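# Per-entry structural report
Residues per chain are reported as follows:
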Amino acid sequence: MPPKRRSAGTIQNKEPKKRRESSSPDIKTTPEFSVKKHKDKDADFVALCKNLQVSDLVCDSTWKMYKSLEECLDEFAEDEKRLWGSCLFTVVTDMDVTYFTISQVLKAVSMNVKQFVALVRKLDINLDAISTKVNSALKRLENKYDVTLALYQRFEKTCKRIFAVAPEAKKTEIIRTCWTMFLLAKGKALQMEDDLVISFQLLLCTLELFIKRCPSALLQPLYQSAVSKVQIPVTRTSRRNQNNAKARPAEPEANMLLLETLCKENECNIDEVKNVYQSSFSAFLVSLDLPKSPGLPQASSVNEQYEEHYLKSRDIDARLFLDYDETLLMPEIDPVQVERTPKKNMLEEDAIPIPQTPIRAAMTSIQQLRGDLTTCGDRPSTNLATYFKNCTVDPTRDVLKRLETLGPTFSQKFAEAVGPRCITLGKQRFTLGVKLYYKVMEAMLKSEEKRLSVQNFSKLLNDSTFHTSLLACALEVVMATYGESSFKTGGYNHGRGGDPGEADLCFPWILDFLNISGFDFYKVIESFIKADPTLSKDIVKHLETCENLIMECIAWKTDSPLFELLKQEHEGGAVEQAEAPASFNQPLQHNHTAADLYLSPVRPCLRSLPSDSTAPPGSQPAAPPPNQPAPQAVGKNPRNLKSNSLSLFYKKLYRLAYTRLKMLCSYLLSSHSELEPIIWTLFQHTLQHKYELMRDRHLDQLMMSAMYAICKVKSVDLRFKAIVSSYKNMPNTNQETFKHVLITEGQYDSIIVFYNQVFMQKLKTNILQYASTRPPTLSPIPQIPCSPYKLPSSPVRLPGSSNVYVSPMKSSRPPGMMTPRSRMLVSIGESFGTPNRFQKINQMVSSGEHAMKRASDHGSTPKLLKRLRFDVDGQDEPDGSKSDGDSTLIQRLNDLTSARSRMQEQKMKANAESLKEQL
């Protein structure tokens, strides 16, 4: 069923009376739907299937699915028709058939996109009713909707600044055609249509075309001026090429002044937009044969072509944004909860932060990255070249050759994932990555020189794995900044269950491209973050998530070097294990640098120091210079060597494992808190002594299995279904973790089959020990740090305070690029401006969201937190104190005021007494 025809009151493109669904090669023609075959089904359900033109097989399969869920349907408030629509979507996605678009099914069941996504997810959470394939399709739908919504909101806002108020009818027609043409350009030029940045740049290109071709009277003065100052060049063909002019239209040229105006108004980089125009948008215009006609594109032609693309993609009809259609209902945004950024070009008194939209956030992040790399080159700096020359073996040639080889390959692979004409964009991303690579490398070497007092880093700088991992991290930062690398599937995508033809740049794409292991990549992350204090908080979080994914599963692939290190550690009879259990409850020390980890696997243990060592008691032995071998222990019985890289990996692994286990236990075993340390002991024992169980598997699979095993031997009724249901609510989880578990080589099944056939068989003797009267000794609980990274730019808590933090000012960041979130910056000791700014701050604080205190151990209802908070992450006080509502800062200010008053009173009293004595 086609979407409803738009209102005739506005000038628009008339849609064909009937959608030509058979015109698309992907739309399958099916036999006539037979109502008589479905007399056993609900009449309204049969009518819905007929309306959506599905086959008899789809109708039967959907009804069967619905009936299998019927006994649980009382849990849902939605009516049956909406459930039917959700089941239909699930069935056709699993069967990989095409009968209706998303917009058609949404209209048929009267739902918007967000409601539809929430309902299908609810079916999965409560009933485990959808496959990983459906979940992947659902996530793509949600991502694309969110991106398109953000683009339309910016388009609507921009059009108000571009077009004059009257005549309304003509302006409406141009706006509708412009938006439809952009949707068509995005669909044809990009394979990743949920790429926000490139899509937005394409939108600016489309606006440029319509602005320069529409009547001048329809434009606002700023854009009238931009068009009039530069005449559009007329492309002429030589006599030699006149005969070929019709076969190959001339490449359209952009009005650069107009593009610059659009980019400046939208805080977008002009060079990047220009490249998008020349590479992708120009080719799109040529394909439509538009360069030959100087006027506006024909509305009917553009609409018809988008109609065909929309039907073929089986997607949402994004033209409906223009009509504020109920299926694309825009969610209301609470202005209090929106991140804010200071508005530019305003007087200091009026510089109230404005909402931080997705596009504004993306443009700000890109601007910050490019600004930080302005002074960096794509060749080694003078200082870096000096480090290279100081090496015993100069690595310069190998470094340059490696980048020269990888650059074109990266651009090509980038274009294959994003769009066929995006090679130039890939080259830009790679160049930025190279600049960041050189910048961080130089900072690392300076830090190592200060730490070790050496300048010859020959061994490190001639290590190809170190260079490739450092480059991978730099490229990952660049792609994450542009939004091309993220975690769109809710965690690491194993590459199964989704669309086999789908390609994206999500992590760990960069590892596969550069052919490096996740374990090698992990070694550089912490040092990379410390070496570049200008990295944004979001990027640091992204890299931390990458590190967690590596520890959870990526480092445990069969070909990972981690297994060889573990084998050496165990077979060599090392005195200390990868992580001594006694150190679990000690703070995680970050004393190792990338140089230590890459020049590992072996370093002397702490007790292998020579007897004449002058190191103070309890101190860590200094690592040897990166260009020298590790010193050997002195004595008759030298200790076996220990791997720094393996030790630090296991320290972080245990802390991550316990954090996730504690969260799952809080969901399921709050009334059996005594089981948590027992489960942790079995879990930790498995990771340490049965690490082969992690090969090609996920950390959470062993966690869930350990929980079930202990509950079983302790006679606590906890079923795997309950474990899986609660596990879905944890952050960064994926269905494949419990639905697609390795059993034997090449064979996968559910987590229950894994437990019965693998986990229990390997650990049966150990599991039964916990049921005996003499159970194994419990493993110490790891100490969980607040943050694994203490950056120079991180806020520092003032001594003696719980919620007062001070952040060092970055001299390298201009004030205009600072982006406070929902709060204003006050610089003590500087002019603050007019008094009404205090009133504005009070208004912002008063309208801010109320913080909620943490629930007590007894599960009481959270109370409103009235005190002010100055901590960056918005964390409450650890003890949840201050019931009177006064913040520590307010109390201290009151104390200071009282103290000053007492001092003044004493001074006045002393003056009075002195005067009295004089009299």
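Residues numbered from 1 in each chain as written. Predicted model: local features only at pLDDT ≥ 70, side-chain atom pairs only at ≥ 80, totals over all residues. Heavy atoms only, no water.

Before going further, it helps to examine the overall build of the chain. A count of helical and extended segments in the chain gives 31 helices and 8 strands. The buried share of the chain, reckoned over its 919 residues, is 47%. Across the chain, contacts joining residues at least 24 apart in sequence account for 75% of those joining residues at least 6 apart. As displayed, the chain has an accessible area near 46100 Å², and 51% of this comes from carbon and sulfur atoms. (Helix = DSSP H or I, 4+ residues; strand = E, 2+ residues; numbered from the N terminus. Buried < 20%, exposed > 50% of the residue type's maximum accessible area, 1.4 Å probe, protein only. Contact = heavy atoms within 4.5 Å. Areas by Shrake-Rupley, 256 points an atom, 1.4 Å probe, with all protein chains shown as cover.)

The next thing to look at is the pairing of strand 3 (residues 741-744). As judged from the 3 bridges shared by strand 3 and strand 4 (residues 747-749), these two strands associate in the antiparallel manner. Note that in strand 4 the partner of Val741 across the bridge is Asp749. A loop of 2 residues connects strand 3 with strand 4, the two strands running antiparallel in sequence, and Gly746 in this loop sits at a positive phi of about 80°. (Pairing = 2+ DSSP bridges.)

If you trace the backbone, Arg319 turns up in the loop between helix 12 (299-313) and strand 1 (340-341). Polar contacts involving the side chain of Arg319 include one to the side chain of Asn303, which spans 2.9 Å. (Polar contact = N/O pair within 3.5 Å; in protein donor to acceptor, adjacent residues only side chain to side chain.)

Turning our attention to the environment of Met479. Here Met479 lies in helix 18 (residues 464-481). Not counting residues up to four positions away in its chain, the partners in contact with Met479 are Phe410, Glu484, Ser485, Leu505, Trp509 and Ile510.

Before going further, it helps to examine the environment of Cys665. Among the secondary structure elements, Cys665 is positioned in helix 24 (residues 644-668). With relative accessibility at 4%, the residue Cys665 sits in the buried group. Between the alpha carbons of Cys665 and Ser726 there is a distance of 9.5 Å; along the sequence they are 61 residues apart. Residues within four places of Cys665 in sequence aside, it is in contact with Ser670, Glu676, Ile679 and Met707.

This part takes up the packing of helix 6 (residues 132-162) against helix 7 (residues 168-189). Look at helix 6 against helix 7: their axes get within 12 Å of each other, and the N-to-C directions meet at 145°. Considering only the axes of helix 6 and helix 7, their crossing is right-handed. On the side of helix 6, the interface is formed by Lys144, Thr148, Leu151, Tyr152, Phe155 and Cys159, while helix 7 contributes Ile175, Cys178, Trp179, Phe182, Leu183 and Lys186. Its residues assigned to classes, the contact of helix 6 with helix 7 comprises 9 nonpolar, 1 polar and 2 charged. (Axes fitted to C-alpha atoms, helices over the stretch in contact; angles between N-to-C directions. Left-handed = near helix turned anticlockwise from the far one by under 90°. Nonpolar A, V, L, I, M, F, W, Y, C, P; charged D, E, K, R; others polar.)

Core analysis: the largest hydrophobic core is formed by 237 residues, its most contacted members being Ile510, Phe528 and Met707. Once residues within four sequence positions are removed from consideration, Met707 is found in contact with Leu661, Leu664, Cys665, Leu668, Leu669, Ile679, Leu718 and Ile723. (Core = buried A, V, L, I, M, F, W, Y, C linked by side-chain atoms within 4.5 Å.)

Glancing now at the packing of helix 18 against helix 20 (residues 518-531). Interaxial distance between helix 18 and helix 20 falls to 9 Å at its minimum, and their mutual angle equals 65°. Considering only the axes of helix 18 and helix 20, their crossing is right-handed. Where helix 18 approaches helix 20, its residues Thr465, Ser469, Leu470, Ala472, Cys473, Ala474 and Val477 are matched on the opposing element by Asp520, Phe521, Val524 and Phe528. Classifying every residue of the contact of helix 18 with helix 20 by side-chain character gives 8 nonpolar, 2 polar and 1 charged.

Moving on to the packing of aromatic side chains. For the structure on display, the rule yields 40 aromatic pairs. Measuring from centroid to centroid gives 5.9 Å for Tyr755 and Phe759, while their planes differ by 25°, and the two rings are stacked. Here the residue Tyr755 and the residue Phe759 both occupy positions in helix 29 (residues 751-769), the gap between them amounting to 4 residues, near one helical turn. Note on Tyr755: relative accessible area 4%, which makes it buried. Taking relative accessible area as the criterion, Phe759 reaches 0% and is therefore assigned buried. (Phe/Tyr/Trp six-rings, centres within 6.5 Å; stacked < 30°, edge-to-face > 60°.)

We now examine unusual backbone geometry. Each neighbour pair has its own omega, and for Phe507 with Pro508 the value is 15°, a cis peptide bond. With respect to the helices and strands, Pro508 occurs in the loop between helix 18 and helix 19 (509-514). Despite not being glycine, Glu267 has its phi angle at roughly 55°, a positive value. Considering the arrangement of structural elements, one finds Glu267 in the loop between helix 10 (256-265) and helix 11 (270-287). For Glu267, a relative accessible area of 25% gives the class partly exposed. With a phi close to 60°, Asp289 is a non-glycine residue in the positive phi region. Topologically, Asp289 is positioned in the loop between helix 11 and helix 12.

All right, on to helix 21 (residues 537-552) then. For helix 21, spanning 16 residues, the distance from its first C-alpha to its last is 22 Å, which sits close to the expected 22 Å at 1.5 Å a residue. Where helix 21 is buried, its residues touch helix 18, helix 20, helix 24 and helix 26 (699-713). (Expected span 1.5 Å × (residues − 1).)

With 19 residues, helix 29 ought to run about 27 Å at 1.5 Å a step, yet its terminal C-alpha atoms sit only 23 Å apart, falling short of that. The sharpest bend along helix 29 measures roughly 70° and falls at Leu763. Those residues of helix 29 that sit buried are Ile751, Phe754, Tyr755, Val758, Phe759, Leu763, Asn766 and Ile767. (Bend = angle between axes of the 7 residues up to and from the residue.)

Using the criterion set out here, one finds 31 salt bridges in the structure. Its salt-bridge partner being Arg176, residue Asp323 comes within 3.1 Å of it at the nearest N-O pair. Residue Asp323 is found in the loop between helix 12 and strand 1, and its partner Arg176 is found in helix 7; the two are separated by 147 residues along the sequence. A relative accessible area of 29% means that Asp323 is categorised as partly exposed. Residue Arg176 is classed as buried on the basis of its relative accessible area of 8%. Through salt bridges that share partners, Lys114, Arg121, Lys139, Glu142 and Asp146 make up one connected network. (Salt bridge = Lys/Arg side-chain N within 4 Å of Asp/Glu carboxyl O.)

Position of Thr62 relative to the elements: it lies in helix 2 (residues 56-69). Taking relative accessible area as the criterion, Thr62 reaches 0% and is therefore assigned buried. If we skip the residues at most four places from it in the chain, Thr62 touches Phe45, Trp84, Cys87, Leu88 and Val91.

Right, let's talk about the confidence of the model for the chain for a bit. Mean pLDDT over the chain stands at 77; residues scoring 70 or higher make up 66%. Note on residues 810-824: pLDDT under 50 across the span, and 38 contacts to partners over four residues away in sequence or across chains. (pLDDT = per-residue confidence, 0-100.)

Using the criterion set out here, one finds 0 disulfides in the structure. With no disulfide partner, Cys214 has as its closest neighbouring cysteine sulfur the one in Cys178, 9.5 Å distant. When its relative accessible area of 7% is taken as the criterion, Cys214 is described as buried. Residue Cys263 stays outside any disulfide, its sulfur separated by 5.1 Å from that of Cys268, the closest cysteine. On the accessibility criterion, Cys263 (2% relative accessible area) is buried. (Disulfide = S-S within 2.5 Å.)

By the secondary structure assignment, Arg121 is in helix 5 (residues 113-127). Taking the relative accessible area as the measure of exposure, Arg121 reaches 23% and is therefore partly exposed. The spacing of Arg121 and Asn135 is 14 residues in sequence and 8.1 Å in space, taken between C-alpha atoms. Those residues in contact with Arg121, other than ones at most four positions away along the chain, are Asn135, Leu138, Lys139 and Glu142.

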